[in-house]
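Residue-level listing of the chains:
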Amino acid sequence: MLVVLKENSFEVGREAARIVASSLRANPKSVLGLATGSTPLGMYEELIALHKSTGLDFSHATSFNLDEYLGLAPDNPQSFHYFMHEHLFRHVNVKPENIHIPDGTITGNYDTYCCSYEQAIRDAGGIDLQILGIGRNGHIGFNEPTSSLGSRTRLKVLTKETIDDNRKSFAPGEKVPECAITMGIGTILEAKRVLLLASGSSKATSIAQAIEGPVTASVTASALQHHPDVTFIVDQQAGAQLRHHDYYARVLRLTAELTPDRL
Ligand code: F6R
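To keep things clear, this report deals only with the structure shown in the data block. Note that the coordinates shown come from a computational prediction; the quantities given were computed from them, not determined experimentally.

## A short note on the sheet that holds strand E10 (residues 230-235)
Taken in spatial order, the seven strands line up as E1-E10-E9-E6-E2-E3-E5 in an open sheet, and their pairing is parallel. Edge positions in the open sheet fall to strand E1 (2-6) and strand E5 (99-100), since each of these has one partner strand only. Summarising the sheet, E1 and E10 pair through five bridges and their orientation is parallel. Within the sheet, the bridge partner assigned to Val 3 lies in E10 and is Phe 232. Contacts between helix H1 (residues 9-26) and the sheet are confined to E1, strand E2 (31-34), strand E6 (129-132), strand E9 (193-198) and E10, with E10 contributing the most and set at about 155° to the helix. With respect to the sheet, helix H7 (residues 204-212) is in contact with E1, E9 and E10, its orientation differing from that of E10 by roughly 155°.

## As for the sheet that holds strand E8 (residues 179-182)
Strand order in this open sheet of three strands is E4-E8-E7, and the pairing throughout is antiparallel. Edge positions in the sheet fall to strand E4 (67-69) and strand E7 (154-157), since each of these pairs with one other strand and no more. Across the sheet, the mean angle separating the axes of adjacent strands is 30° when strand polarity is ignored. Relative to E8, E7 runs antiparallel, the two being bridged by four bridges. Considered in E8, the bridge of Arg 154 is made with Thr 182.

## A closer look at the pairing of strand E3 (residues 62-65)
Of the two faces of E3, the one lined by Thr 62 and Phe 64 and the one lined by Ser 63 and Asn 65 are each fully buried. With four bridges connecting them, E2 and E3 associate as parallel partners. Considered in E3, the bridge of Leu 32 is made with Ser 63. For E3 and E5, the ladder comprises two bridges, and the chain directions are parallel. Across the sheet, residue Ser 63 finds its bridge partner in E5, namely Ile 99.

## Description of the nonpolar core
Grouped together as the largest cluster of nonpolar side chains are 35 residues, with contacts concentrated most on Leu 196, Ile 207, Leu 224 and Phe 232. Secondary-structure elements contributing two or more residues to this core are helix H4 (110-123), helix H6 (185-189), E9, H7 and E10. Apart from the residues within four sequence positions on either side, Leu 196 is in contact with Leu 132, Gly 133, Ile 134, Ile 140, Ile 207, Ala 221, Leu 224, Thr 231, Phe 232 and Ile 233. Core analysis: the next-biggest nonpolar cluster, separate from the first, contains 31 residues, Ala 17, Val 20, Phe 89 and Val 92 among them.

Basis of the calculations
- All residue numbers refer to position in the chain's written sequence, counted from 1.
- At least 70 in pLDDT is required for a residue's local features to be given in this predicted model, at least 80 for side-chain atom pairs to be given and counted, and no such filter applies to totals for whole chains, interfaces and linings, which use all residues.
- Water and hydrogen atoms were dropped before computing side-chain values, which therefore reflect all heavy atoms in the structure.
- When DSSP finds two or more bridges between two strands, those strands count as paired.
- Each helix is a run of DSSP H or I of at least 4 residues and each strand a run of E of at least 2, with the numbering of both proceeding from the N terminus.
- Any two residues whose heavy atoms approach within 4.5 Å at even a single point are treated as in contact.
- An axis is simply a line fitted to the C-alpha atoms; with a helix, the fit covers only the stretch in contact. Between two such axes, the angle follows the N-to-C directions and lies from 0 to 180 degrees.
- Working definition: with a 1.4 Å probe on protein chains only, accessible area under 20% of the residue-type maximum means buried, over 50% means exposed, and in between means partly exposed.
- What is meant by a nonpolar core is a set of buried Ala, Val, Leu, Ile, Met, Phe, Trp, Tyr and Cys residues, joined one to another through side-chain atoms within 4.5 Å.

Pasting the structure below:
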């Protein structure tokens, strides 16, 4: 695992965008796994800026989003469909037919639908670069504590803590979805490379548990310890409870010297 400590959330977004952009430049047909939420906003802003200033090309790229709220139509401003179009897709030249986001409007036959989402990922050749945020409870995607570490895309009931965290994007009194369709931990672990971004003090405990704690379904991000190519990009506040700062800095310095392609 690489742990990259950055000064603030702006630097986290910039570093993540640099990695996504270099993946796209090296392989214009990259298959990107994308996340929503407040954490990747800076990364999306930077990618849009790179598209506009340097012509960063998304026209051959394919994307798969991690999750979508159950019950929200794509035109609902709280949906992840809406989020992605607002914060990335409408500003870059990605082809609409190459965009995949779980359908929150399905009713029944969830397993069949979720299997088809997994099949679409396989048909695209698998995810080259998966972007993740992390919940306060250590979730990735909406794989809440006690999710199976082998789980695949499925319908998931959200915890009360996650529903409360999500409430901030909904109007007062508006019903916050209790369920979501989410890629599973097993799905995420199959991505060729994983980037997990975190900023702010509310993520400090889950980041320390994910990186330095035991692998446990109680903190599903800890499953990333089994992934052969994962990079955590965290700001000072989110990294505040990590114990091995000096080691992470030395690993980065020597990786840059010896195997710069890993960065
Ligand atoms: C979003 C997702 C979630 C978020 C996580 C952090 O697609 O899968 O796991 O990444 O809840 O959300 P923020 O970034 O809003 O703190």
